[in-house]
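Remarks on the overall topology
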Amino acid sequence: GTWNMAMTGMGDTASFIRTIAYDGIVRWDPDFKTVIPNIAKDWKVSDDARVYTLYLREGMRWSDGHPFTAEDIMYWFEEVQLNTDLTPVFPTWLAPGGNRPTVTKIDEYTVEFKYARPHGLLLRQFANAGQGYIFAPKHYMKQFHPKYTSADRLEALTIEHGLEQWYQLYQNMDDRFQNPERPTLDAWKTVTPLGKSTQVVLERNPYYWKIDPEGNQLPYIDKVIYAVVENVEVALMKALSGEIDMQDRHIGTLRNFSVVAENREKGGYRIYRTKPTGENSMVICFNLNHKDPVMNEIFNDKRFRIAMSHAINRPEIIDLIYYGEAEPSQPAPRKESPFYYEPLTNAFIEYDVAEANRLLDEMGLTARGKDGFRLRPDGKPLTVTIELAPLYSEIVDASELLKVYWEAVGVRVAVKVQERSLFYTRTEAADHDVALHHADSSGIDVLLYPRYYFPSDHQSMQAPLWSLWYRSGGKSGEKPPKEVLRQMELYDQILATADEARQVELMTEILKINAENSYVLGISTMIGPFGIVKDNFHNVPDEIHYGWIYPSPAPTRAEQYYISDK
């Protein structure tokens with residue numbers, strides 16, 4: 001049969017990774033507790049976490065029947081990752097702190113990654129969405145690479161495809177969802193590519209390497225079709241009318257739950273629940289690198305951040321927006337996580353307007369304008385602009401409540417909803433006052449994307465310039481204060497050990513510093529979306545972890561889903 005889904009166009013390629021494109025070197029187990037074998041049948045990690053030896057499965061083939069071997073990993077590393085035209089910035093997850101590996105082919109089915117300094121998180125990084133594809137079909141892709149193809153031939157191919165540079169051609173031909181000729185190891189291969197039709201069509205890979213316990217070759221489902229729709233409202237209508245077989249993305253929002261539940265019988269589907277992996281329903285990031293020196297001083301006074309936290313009526317937001325099902329919380333690891341730290345979860349979350357006003361007065365922000373709002377030390381109105389992208393309707397709704405709460409303690413607020421790319425551009429450049437976003441990691445993935453636990457990457461919206469300083473080894477950005485420097489030192493120690501108990505110990509100290517300083521604020525524990533499954537669509541769990549690091553629902557083994565009226 002055919003698995004029907006919906007996606008929203010060229011910018012929605014995450015739909016592939018979350019469903020049918022999660023066959024990397026290793027993968028998360030369905031319960032999101034550990035890393036399990038996949039294309040690598042086994043591995044060995046040295047005690048000092050400097051040497052990773054990967055053992056590949058023998059006899060695997062690409063979708064065109066060509067053998068898959070260690071050469072495909074070596075090609076990916078030497079000719080793609082080390083080529084500055086194709087990879088201008090070497091992946092930080094592969095080389096934290098500039099600690100690049102050397103990669104060696106031991107034999108046809110064994111590859112070694114060796115580091116000068118320990119990299120304690122490499123296997124977990126390999127399991128992440130999209131990062132485990134540490135291989136490329138050398139036999140096919142080398143025809144578009146200058147090392148293997150003459151300059152004249154490469155120039156002719158580039159012009160033929162309407163492009164200017166060889167690396168643009170290479171990148172286009174390497175996209176397995178836009179180039180049906182590009183071989184894959186995934187369960188399905190592209191037939192009708194993205195951008196060429198109102199549908200993306202994929203068919204069973206005849207050389208897919210997995211079988212079920214009875215010896216049947218997977219995948220069970222013959223064909224996968226993504227209807228390319230104008231917007232999420234059209235995707236919802238398709239779901240309600242029974243045109244989608246199994247999907248949560250774009251459909252399973254809290255706002256849609258009632259109408260989806262009411263139409264179950266008509267649409268012939270059931271609902272599955274999701275268990276979110278994110279740490280908070282909404283992260284509130286005051287710009288600690290503000291370019292206005294007065295606002296910079298205000299935001300960097302932790303009394304201001306704590307006051308703003310006490311001013312938020314979290315129980316009311318939970319009742320009005322999250323159906324009363326969440327719990328008040330700061331951005332923090334969830335209770336089931338090995339990194340759970342209760343003092344951070346509950347830091348300054350009490351709704352206490354009197355305490356908020358007391359802290360603001362203590363800062364000296366006592367003067368008020370004729371409109372009753374507080375004034376800055378330089379006499380100008382104390383106004384903050386909340387910026388957000390309309391990724392989730394719940395965050396947009398909550399932003400309006402924040403405006404009410406903060407204005408109640410004398411801080412004037414403006415809310416600005418922006419196009420997504422503009423929002424990211426402004427926050428990365430530290431051009432914002434306050435940014436709202438969703439949070440990413442709260443389980444065993446806490447160490448992989450700690451962006452809100454300390455400023456570690458380009459989306460650490462609370463301090464993008466401190467993050468840049470850290471990522472550049474002090475060559476760019478702004479040097480952070482001593483408490484944040486300590487967090488960075490602790491994280492470097494985490495990277496330098498493979499001892500999981502020691503990693504928990506070090507991360508707890510990072511979380512302790514966060515609890516004392518409230519660098520970011522949150523609203524509540526995250527309530528996951530839901531998904532729909534047609535009544536004749538099987539092998540889908542009743543509850544699935546939901547996140548990006550765990551690219552739900554793909555780790556539940558989509559190749560084992562099947563369609564049957566029995």
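The rules behind each value
Residues numbered from 1 in each chain as written. Predicted model: local features only at pLDDT ≥ 70, side-chain atom pairs only at ≥ 80, totals over all residues. Heavy atoms only, no water. Helix = DSSP H or I, 4+ residues; strand = E, 2+ residues; numbered from the N terminus. Contact = heavy atoms within 4.5 Å. Axes fitted to C-alpha atoms, helices over the stretch in contact; angles between N-to-C directions. Parallel < 35°, antiparallel > 145°, perpendicular 65-115°, else oblique. Left-handed = near helix turned anticlockwise from the far one by under 90°. Nonpolar A, V, L, I, M, F, W, Y, C, P; charged D, E, K, R; others polar. Pairing = 2+ DSSP bridges. Core = buried A, V, L, I, M, F, W, Y, C linked by side-chain atoms within 4.5 Å. Buried < 20%, exposed > 50% of the residue type's maximum accessible area, 1.4 Å probe, protein only. Expected span 1.5 Å × (residues − 1).

A closer look at unusual backbone geometry
- The peptide bond linking L218 to P219 adopts the cis configuration, its omega dihedral lying at 0 degrees.
- Take P219: it is sitting in the loop between β9 (199-204) and β10 (223-228).
- Of note in the backbone geometry, H250 takes a positive phi value of approximately 75 degrees without being a glycine.
- Position of H250 relative to the elements: it lies in the loop between β11 (246-247) and α8 (257-262).
- A positive phi angle is found at A430, which is not glycine, with a value near 60 degrees.

What to know about the side chain of T53
- As for its position among the elements, T53 is in strand β5 (residues 51-56).
- Those residues within four positions of T53 in sequence are excluded, and the remaining contacts are D42, W43, K44, T110, V111 and E112.

So, the packing of helix α17 (residues 464-471) against helix α18 (residues 482-495)
- As a packed pair, α17 and α18 sit with axes 12 Å apart at the nearest point and diverge in direction by 40 degrees. The angle between α17 and α18 falls in the class oblique. Helix-helix and strand crossings are classified by hand; for α17 and α18 the assignment is right-handed. Contacts between α17 and α18 involve W466, W469 and Y470 on the former and, on the latter, V484, L485, M488, Y491 and D492.
- Residues of the contact of α17 with α18, tallied by class, amount to seven nonpolar, no polar and one charged.

Concerning the packing of helix α11 (residues 302-310) against helix α14 (residues 353-362)
- In the contact formed by α11 and α14, the axes pass within 8 Å of each other and the chain directions differ by 160 degrees. When the interaxial angle is binned, α11 and α14 end up roughly antiparallel. The handedness of the crossing between α11 and α14 comes out as left-handed. In contact with R303, F304, I306, A307, M308 and H310 of α11, α14 contributes V353, E355, A356, L359, L360 and E362.
- Each residue belonging to the contact of α11 with α14 can be placed in one class, and the counts come to eight nonpolar, one polar and three charged.

Remarks on the sheet that holds β9
- One open sheet holds the four strands; their spatial order is β1-β10-β9-β8, and the pairing between them is mixed. At either margin of the open sheet sits one strand with a lone partner, and together these are β1 (2-7) and β8 (188-192). Along the sheet, successive strands turn relative to each other by an average axial angle of 25 degrees, direction set aside.
- Both β8 and β9 contribute to a ladder of four bridges, which runs antiparallel. Considered in β9, the bridge of K189 is made with E203.

Notes on the nonpolar core
- By size, the foremost hydrophobic cluster in this structure holds 149 residues, and its most contacted members are W3, F113, F126, I284, F304 and W406.
- Not counting chain neighbours up to four residues away, the residues in contact with F304 comprise F286, I298, F299, L360, M363, L365, L382 and V411.
- If you look at the next biggest cluster of nonpolar residues, it comprises 13 residues, including A6, A235, A239 and I244.

Observations concerning helix α15 (residues 393-407)
- Across its 15 residues, α15 extends 22 Å between first and last C-alpha, which sits within 8% of the 21 Å expected from 1.5 Å per residue.
- Among all positions of α15, only E394, I395, A398, S399, L401, L402, Y405 and W406 are buried.
- Of the surrounding elements, those touching the buried residues of α15 are β13 (283-286), α11, α12 (314-321), β14 (383-388), β15 (412-417) and β16 (434-437).

Keep in mind these numbers describe shape, not what the thing actually does.
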